[in-house]
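A structural walkthrough
Chain residues, written in single-letter form:
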Amino acid sequence: MPASTITELTTPRLRLRQWRDSDREPFFELCRNPRVMEFLMPVDDRAASDVIMDRWAAHIAGHGWGFWAVELRETIAGNSAPVFIGSVGLQIPRHPFPFMPCVEVGWRLFPDHWGKGYAIEAARASIDFGFNRLGLSEIVAITTTRNRRSQSVMQRLGMTPGNPPAFRHPSIPHDHPLSEHVLYRLGAV
């Protein structure tokens, strides 16, 4: 897919799109939310959250896909401003994981949007895009061993524990409680 073609995905309830400057403040709020960040390394300040958002936007600009900004479609169709609820999508990890090369699916949503199936809906659209438009043979997901909620989402997506089943995240100190991660895999059908 040419880099000039930026893909947006829509599902019955969601739109996955390229990042905008207006997403900076809500994304920082997402990164400051203690429930969202419970199993992620802290984002220290607005500048650090901007770096993450800029990296994700650059990935989309360079590849046409990535970790998209997610908004509710009902707010797009109505007269109200679109509601940013988080980020979901695919990326080529930048860390030297022991199972590289790979493409990873991931999600990060505000807690008031948990339990509504949005993560599954957006992740399925991303996975479908990865297999059917990008021609990927496999998509992986990772999380800390402590994050049972994300592991449950991975299992509901049909993913299974990978090989290696557990590994140390290369950018987290080995003695940190979040350093041990699990790998889930999903092959194209």
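These lines cover the structure that appears in this document, whether it is placed above or below. If you're wondering where the values come from, they're calculated on a predicted model, not measured in any experiment.

1. What about the pairing of strand β8 (residues 180-187)?
Each regular strand carries side chains that alternate between the two faces of the sheet. Burial analysis of β8 places six of its eight residues in the buried class, the great majority of the element. Where strand β6 (residues 138-144) lies against β8, seven bridges are found, and the strand directions are antiparallel. Note on β8: the bridge partner recorded for Ile139 is Leu186. Two elements, strand β7 (residues 160-168) and β8, share five bridges in a ladder whose sense is antiparallel. Of the residues in β8, the one forming a bridge with Ala166 is Val182.

2. Comments concerning the pattern of salt bridges
Taken as a whole and judged by the stated rule, the model has 14 salt bridges. A salt bridge links Arg185 to Glu138, with the nearest nitrogen and oxygen atoms 2.7 Å apart. Residue Arg185 is found in strand β8, and its partner Glu138 is found in strand β6; the two are separated by 47 residues along the sequence. With a relative accessible area of 28%, Glu138 lands in the partly exposed category. Where salt bridges share partners, they join Glu8, Arg15, Arg17, Arg20, Asp23 and Glu71 into one cluster.

3. Notes on the pairing of strand β2 (residues 14-17)
Going residue by residue along β2, you find Leu14 and Leu16 tucked away on one face and Arg15 and Arg17 tucked away on the opposite face as well. Strand direction decides the pairing type here: strand β1 (residues 9-10) and β2, joined by two bridges, are antiparallel. What sits directly across from Leu9, in β2, is Leu16. Counted between consecutive antiparallel strands, the loop separating β1 from β2 contains three residues. Here β2 runs beside strand β3 (residues 67-72); their pairing, made up of four bridges, is antiparallel.

4. Some points on the environment of Glu121
Mapped onto the secondary structure, Glu121 falls in helix α4 (residues 118-132). On the basis of relative accessible area, Glu121 is assigned to the buried category, the value being 15%. Separated by 33 residues in the primary sequence, Glu121 and Val88 place their C-alpha atoms 9.7 Å from one another. Residues in contact with Glu121, not counting those within four places in the same chain, are Thr11, Pro12, Arg13 and Leu14. Polar contacts involving the side chain of Glu121 include one to the side chain of Thr11, which spans 2.4 Å. In this structure the side chain of Glu121 is engaged in a polar contact, spanning 2.6 Å, whose partner is the side chain of Arg13.

5. Quick word on helix α1 (residues 24-32)
Working note: α-helix, 3.6 residues per turn, so residues spaced by three or four point in the same direction. Inspection of α1 places Arg24, Phe27, Phe28, Leu30 and Cys31 among the buried residues, and these make up the whole buried set. Seen from one end, α1 has its buried residues packed into an arc of 155 degrees, which puts them on one side. In this fold, the buried residues of α1 make contact with α2 (46-63), β4 (84-91) and β5 (104-109).

6. A look at α2
Spanning 18 residues, α2 covers 26 Å between terminal C-alpha atoms, matching the ideal 26 Å at 1.5 Å per step. Every buried residue of α2 is accounted for by Ser49, Asp50, Ile52, Met53, Trp56, Ala57, His59 and Ile60. Residues of α2 that are buried in the fold lie against β2, α1, β3, β4 and β5. For α2, the side-chain oxygen to backbone nitrogen distance between the N-cap and Ala47 is 3.3 Å, and the N-cap itself is Asp45. Where α2 ends, the next residue or the one after it, Gly64, has phi of about 90 degrees, a positive value.

7. Examining the nonpolar core
One finds Trp19, Phe27, Val105 and Trp107 to be the most contacted residues of the largest nonpolar core, which totals 49 residues. Broken down by element, this core gets its largest block of residues, nine residues, from α4. Filtering out sequence-adjacent residues up to four positions away, Trp19 remains in contact with Phe27, Met53, Trp56, Ala57, Ile60, Phe67, Trp68, Ala69, Phe84 and Ser87. Membership of the second largest hydrophobic core comes to seven residues, among which are Phe99, Cys102, Val140 and Phe167.

Cut-offs applied
- Residues numbered from 1 in each chain as written.
- Predicted model: local features only at pLDDT ≥ 70, side-chain atom pairs only at ≥ 80, totals over all residues.
- Heavy atoms only, no water.
- Buried < 20%, exposed > 50% of the residue type's maximum accessible area, 1.4 Å probe, protein only.
- Helix = DSSP H or I, 4+ residues; strand = E, 2+ residues; numbered from the N terminus.
- Pairing = 2+ DSSP bridges.
- Salt bridge = Lys/Arg side-chain N within 4 Å of Asp/Glu carboxyl O.
- Contact = heavy atoms within 4.5 Å.
- Polar contact = N/O pair within 3.5 Å; in protein donor to acceptor, adjacent residues only side chain to side chain.
- Arc of directions from axis to C-beta.
- Expected span 1.5 Å × (residues − 1).
- Core = buried A, V, L, I, M, F, W, Y, C linked by side-chain atoms within 4.5 Å.

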